[in-house]
Amino acid sequence: MTKQPSARPSPAFVGASWGAMIVGILAYLIGLWNAQMQLNEKGYYLTILLYGCFAAVSLQKTVRDRAEGLPVTGMYVGLCWTSLMAAVVLLTVGLWNATLLLSEKGFYAMSFVLTLFAIIAVQKNVRDLAAAGDVPEAQQA
């Protein structure tokens, strides 16, 4: 188990990552709040956002653990990839069959993708800052 020194992310990249994640999540949630759809549909899209975020963070952590030489089972890596792909497929199928304007479908898809990308970057920054000693042990992910 060899720990590779990781470069400390710049404050600008950390801020941009957090900003993109917050913008992506807020845009998705505000769009969902204002949407003219039934409550069960809103619940479906909210659950997909939460599931996608968890799957993306878990996959990033797993890939990083493997890169740092920490033991990770192939089954768990496969489960992480499957979960992330399932979240994307569920959103795609939901939007494909939704009675929304094409612009609304694009809005949800883009805010979802932005959120997934940003949450992976935030997780990476947290790990890099922890490796640099800038994050207390209790907050490391």
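Residues numbered from 1 in each chain as written. Predicted model: local features only at pLDDT ≥ 70, side-chain atom pairs only at ≥ 80, totals over all residues. Heavy atoms only, no water.

**Student:** Please clarify how the packing of aromatic side chains should be interpreted in this entry.
**Tutor:** Given two aromatic rings, one states the distance between the centres and the angle between the planes to describe the pair. Tallied over the full model, the rule gives five aromatic pairs. Measuring from ring centre to ring centre gives 6.0 Å for Tyr45 and Tyr108, while their planes differ by 10°; the resulting arrangement is stacked. Of the two residues, Tyr45 is situated in helix H2 (residues 39-67) and Tyr108 in helix H4 (residues 102-131); the sequence distance between them amounts to 63 residues. Residue class for Tyr45 comes out buried when judged on its relative accessible area of 3%. What makes Tyr108 buried here is its relative accessible area of 3%. (Phe/Tyr/Trp six-rings, centres within 6.5 Å; stacked < 30°, edge-to-face > 60°. Helix = DSSP H or I, 4+ residues; strand = E, 2+ residues; numbered from the N terminus. Buried < 20%, exposed > 50% of the residue type's maximum accessible area, 1.4 Å probe, protein only.)

**Student:** Whenever I open this one, the pattern of salt bridges confuses me. Can you help?
**Tutor:** Charged atoms that come close allow side chains of opposite charge to pair. Per the counting criterion, the structure on display carries six salt bridges. Put simply, Lys61 and Asp65 hold a salt bridge, and the shortest N to O gap is 3.2 Å. Residue Lys61 and its partner Asp65 are located together in helix H2, separated by four residues, close to a single helical turn. By relative accessible area, Lys61 is classed as partly exposed at 31%. Taken together, the shared-partner salt bridges in this structure form one network comprising Lys61, Arg64, Asp65, Glu68, Lys124, Arg127 and Asp128. (Salt bridge = Lys/Arg side-chain N within 4 Å of Asp/Glu carboxyl O.)

**Student:** Just to check I follow, could you spell out the nonpolar core for this structure?
**Tutor:** The nonpolar side chains of a soluble globular protein tend to be buried, and buried together. Judged by nonpolar contacts, the single largest core of 26 residues is most densely connected at Tyr28, Met37, Tyr45, Leu91, Tyr108 and Phe112. Once residues within four sequence positions are removed from consideration, Phe112 is found in contact with Tyr28, Ile48, Leu49, Gly52, Ala87, Val88 and Leu91. (Core = buried A, V, L, I, M, F, W, Y, C linked by side-chain atoms within 4.5 Å. Contact = heavy atoms within 4.5 Å.)

**Student:** Help me understand the UniProt feature "transmembrane region" (unreviewed entry) in the chain in this model?
**Tutor:** UniProt's feature table lists "transmembrane region" (unreviewed entry) at residues 12-31, 43-63, 75-99 and 105-122, given in the numbering used throughout. With 100% helix and 0% strand, residues 12-31 has end C-alpha atoms that lie 28 Å from one another. In the segment residues 105-122, helix accounts for 100% and strand for 0%; the C-alpha atoms at its two ends are 26 Å apart. (UniProt positions renumbered as here; feature names shortened; annotations may be inferred.)

**Student:** Looking at this structure, how should I read a nonpolar patch on the surface?
**Tutor:** Together, Trp18, Ile22, Leu26 and Ile30 make up an exposed nonpolar region whose accessible area comes to about 380 Å². Mapped onto the elements, Ile22 comes out in helix H1 (residues 11-34). (Patch = residues over 30% accessible without salt bridge, like charges linked within 9 Å, V, L, I, M, F, W, Y side chains within 5 Å. Areas by Shrake-Rupley, 256 points an atom, 1.4 Å probe, with all protein chains shown as cover.)

**Student:** Explain the UniProt feature "domain: YiaAB two helix" (unreviewed entry) in the chain to me, please; I cannot follow it from the model alone.
**Tutor:** According to UniProt, the positions carrying the feature "domain: YiaAB two helix" (unreviewed entry) are residues 13-65 and 76-128. This span, residues 76-128, is 92% helix and 0% strand, and a straight line between its end C-alpha atoms measures 23 Å.

**Student:** Would you explain the environment of Glu68 in this entry?
**Tutor:** Among the structural elements, Glu68 can be located in the loop between H2 and helix H3 (74-97). By relative accessible area, Glu68 is classed as buried at 9%. A polar contact is formed between the side chain of Glu68 and the side chain of Arg64, at a distance of 2.9 Å. (Polar contact = N/O pair within 3.5 Å; in protein donor to acceptor, adjacent residues only side chain to side chain.)

**Student:** What exactly am I supposed to notice about the side chain of Ser83 here?
**Tutor:** Secondary-structure assignment places Ser83 in helix H3. Taking relative accessible area as the criterion, Ser83 reaches 13% and is therefore assigned buried. What Ser83 contacts, discounting residues up to four positions off in sequence, is Tyr51 and Ala55.

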